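Structural description and commentary
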Amino acid sequence: MIDLHNHIVRYVVPVHRTEPDVSIAVQMARIAEEDGVRIIVSTPHLRPDRLGDRVPEIVELMSEGVVRLNQILRDREIDVEVVGGAEIQLTEDLPELASAGLLPTLGDGRHLLIELPIASYAGYAEQVLFELQLQGFTPVIAHFERLADAPVQEIQPEDLVQRGMKLQTNCRSLKGKRGREVKRAAEYLHRNNLAAGLGSDAHNPDSAPPRMSWSRKTIERLGGPGAFERITWERPLAIIGR
Ligand SMILES: [Fe+2]
């Protein structure tokens, strides 16, 4: 499997409030390996409005973290590869940051994992997404189903897909831990073949671990035979440019 959304790198480099602790990163990678994950896409939060002029420094740290983490995993013979990326908060200056080369793509492709504002659908969101597309990037909307909770229901997943964007979904949303609306929205995406990738959105080894295989049955029941393979391998493989 490819885990398209994972915060493991915060335990390797100080890209977040969390204190780095390599032993936790190793623990998470072992859980992923045992679960059948072969590629983790590293997607730490990139929040330009909080970082201000520290964006270049943090982006640099993020890619350094990927290199370091791969070395750590090789040293311990953990059969998981980590590729770069970020969970990029949607802000008005994204097109500017993109043209300055400051937005980490998912792997080697031209895809950007974008977190839409959950409290309100910012008026500029559509414009920003479109401008990123004009620069040749494909926005992948992070855990799209979680927007079911927000006052943004006017965004139809079909519209975004039709406009060339992709939708990532969290496997944990299927457990209903984010509420019934989010669970229903996730089921809708799987039933209608609208998900381009699955993520664990792992934050730690305990309450948000990097496991995804448990969702195979549910996803195949919703999307039919082959659905799980499609969103945990075929589609994300193309997203990371392999
Ligand atoms: Fe996340």
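Residues numbered from 1 in each chain as written. Predicted model: local features only at pLDDT ≥ 70, side-chain atom pairs only at ≥ 80, totals over all residues. Heavy atoms only, no water.

Regarding the coordination of the iron ion
Binding of the iron ion to the protein goes through His5 (NE2), His7 (NE2), Glu87 (OE) and Asp201 (OD), at separations of 2.0 to 2.3 Å. For the iron ion, the four donor atoms in the first shell make angles of 84 to 167° at the metal, so the coordination geometry reads as irregular. Sequence positions of the donors to the iron ion reduce to the motif H-x1-H-x79-E-x113-D. Both residues of the pair, histidine 5 and histidine 7, belong to the buried class. (Donors = N, O, S within 2.8 Å, 3.2 Å for Na, K, Ca; no water. Tetrahedral: all angles 85-135°; square planar, octahedral: opposite > 155°, others 65-115°. Buried < 20%, exposed > 50% of the residue type's maximum accessible area, 1.4 Å probe, protein only.)

Here's the deal with the packing of aromatic side chains
All chains considered together, the criterion is met by zero aromatic pairs. In this structure, arginine 110 packs its charged tip against the face of phenylalanine 137, placed 4.0 Å from the ring centre. Across the ring face of tryptophan 214, the terminal group of lysine 175 is positioned such that the distance to the ring centre comes to 4.4 Å. (Phe/Tyr/Trp six-rings, centres within 6.5 Å; stacked < 30°, edge-to-face > 60°. Lys NZ or Arg CZ within 6 Å of the ring centre and 35° of its normal.)

Focus: the packing of helix H8 (residues 216-223) against helix H9 (residues 227-239)
Orientation of H8 relative to H9, taken along the N-to-C sense of each, is 115°, at an axis distance of 7 Å. Taken together, the axes of H8 and H9 lie roughly perpendicular to each other. Judged by residue contacts, Arg216, Ile219, Glu220 and Gly223 of H8 engage Ala227, Phe228, Glu229, Arg230 and Ile231 from H9. Looking at the contact of H8 with H9, its residues break down into four nonpolar, one polar and four charged. (Axes fitted to C-alpha atoms, helices over the stretch in contact; angles between N-to-C directions. Helix = DSSP H or I, 4+ residues; strand = E, 2+ residues; numbered from the N terminus. Parallel < 35°, antiparallel > 145°, perpendicular 65-115°, else oblique. Contact = heavy atoms within 4.5 Å. Nonpolar A, V, L, I, M, F, W, Y, C, P; charged D, E, K, R; others polar.)

Points about the nonpolar core
Within the largest apolar cluster, 65 residues are counted, with the highest numbers of intra-cluster contacts made by Leu46, Leu103, Ile114 and Leu132. For this core, the secondary-structure elements that each account for two or more residues are helix H1 (22-35), helix H3 (55-75), helix H4 (94-99), strand E6 (111-115), helix H5 (125-134), helix H7 (180-191), H8 and H9. Considering every element that reaches this core, the biggest residue donor is H3, with nine residues. Not counting residues within four places of it along the chain, the set of residues in contact with leucine 132 comprises Leu94, Pro95, Ala98, Leu103, Leu112, Ile114 and Phe137. (Core = buried A, V, L, I, M, F, W, Y, C linked by side-chain atoms within 4.5 Å.)

Some words on the pairing of strand E7 (residues 138-141)
Every second residue of E7 is oriented toward a common face, with Thr138 and Val140 on one face and Pro139 and Ile141 on the other, all of them buried. Pairing analysis gives four bridges linking E6 to E7, with the strands arranged parallel. By the bridge assignment, leucine 113 is partnered in E7 with valine 140. As paired elements, E7 and strand E8 (residues 166-170) share two bridges and run parallel to each other. Looking across to E8, one finds that isoleucine 141 is bridged to leucine 167. (Pairing = 2+ DSSP bridges.)

Quick look at the sheet that holds E7
Paired through backbone hydrogen bonds, the strands of a sheet run either parallel or antiparallel to each other. Strand order in the open sheet formed by six strands is E3-E5-E6-E7-E8-E9, with parallel pairing between adjacent strands. Of all the strands in the sheet, the pair left with one neighbour each is strand E3 (45-46) and strand E9 (197-199).

What about unusual backbone geometry?
Its identity as a non-glycine residue notwithstanding, asparagine 193 has a phi of 55°, on the positive side. With respect to the helices and strands, asparagine 193 occurs in the loop between H7 and E9. In this structure asparagine 193 comes out as partly exposed when scored by relative accessible area, which is 43%. One non-glycine residue with positive phi stands out, namely aspartate 201, at about 50°.

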